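Spelled out, the chains give:
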Amino acid sequence: IKRAIAVNKKQAKITWNKVEGAKGYQIQYSTKTNFKGKKTITVKSASATKKLIKKLKSGKKYYIRMRAYKIVDGQTLYTSYSAKKKVKIK
């Protein structure tokens, strides 16, 4: 993840650099640093470099991480997760 920012109430925008050979990206976010109770978003576009996460709770801190994936012989292969970013929702 290049950047994670709170854009307004209940939303956060994250941006990242494209990963060569990726088919898409998987984003996880949680209010806990260990990602217990996480939510997962799949971005099914290799050319995507940003995503708006909606329906977050005001006044909470969220931890966000992501990884790229590709499909080889019908199997989904994931990279390791990025370093987590913290964002506080207004």
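Since this is a predicted model, take the numbers as computed values, not measurements. (Residues numbered from 1 in each chain as written. Predicted model: local features only at pLDDT ≥ 70, side-chain atom pairs only at ≥ 80, totals over all residues. Heavy atoms only, no water.)

### Some details on the nonpolar core
Here's step 1: By size, the foremost hydrophobic cluster in this structure holds 20 residues, and its most contacted members are Trp16, Ile27 and Ile64.
Here's step 2: Looking at this core, the element that brings in the most residues is strand S6 (residues 61-72), giving four residues.
Here's step 3: Contacts of isoleucine 27, omitting those with residues within four sequence positions, involve Ile14, Trp16, Lys39, Thr40, Ile41, Val43, Lys51, Ile53, Ile64, Arg65 and Met66. (Core = buried A, V, L, I, M, F, W, Y, C linked by side-chain atoms within 4.5 Å. Buried < 20%, exposed > 50% of the residue type's maximum accessible area, 1.4 Å probe, protein only. Helix = DSSP H or I, 4+ residues; strand = E, 2+ residues; numbered from the N terminus. Contact = heavy atoms within 4.5 Å.)

### As for unusual backbone geometry
Here's step 1: Of note, the phi angle at phenylalanine 35 is positive, near 65°, even though the residue is not glycine.
Here's step 2: One can find phenylalanine 35 in the loop between strand S3 (24-30) and strand S4 (39-43).
Here's step 3: At aspartate 73, a position not held by glycine, the phi torsion is positive, near 50°.
Here's step 4: The topology assignment puts aspartate 73 in the loop between S6 and strand S7 (75-78).

### Looking at the pairing of strand S2 (residues 11-15)
Here's step 1: Where burial is concerned, most of S2 is hidden: four out of the five residues are buried.
Here's step 2: Sheet analysis places strand S1 (residues 3-8) next to S2, joined by five bridges and oriented antiparallel. Paired with isoleucine 5 across the bridge in S2 is lysine 13.
Here's step 3: Following S1, the chain reverses through two residues before pairing antiparallel with S2; lysine 10 in that reversal takes a positive phi of roughly 70°.
Here's step 4: Relative to strand S5 (residues 50-53), S2 runs antiparallel, the two sharing four bridges. Residue pairing across strands places isoleucine 14 opposite lysine 51, the latter belonging to S5. (Pairing = 2+ DSSP bridges.)

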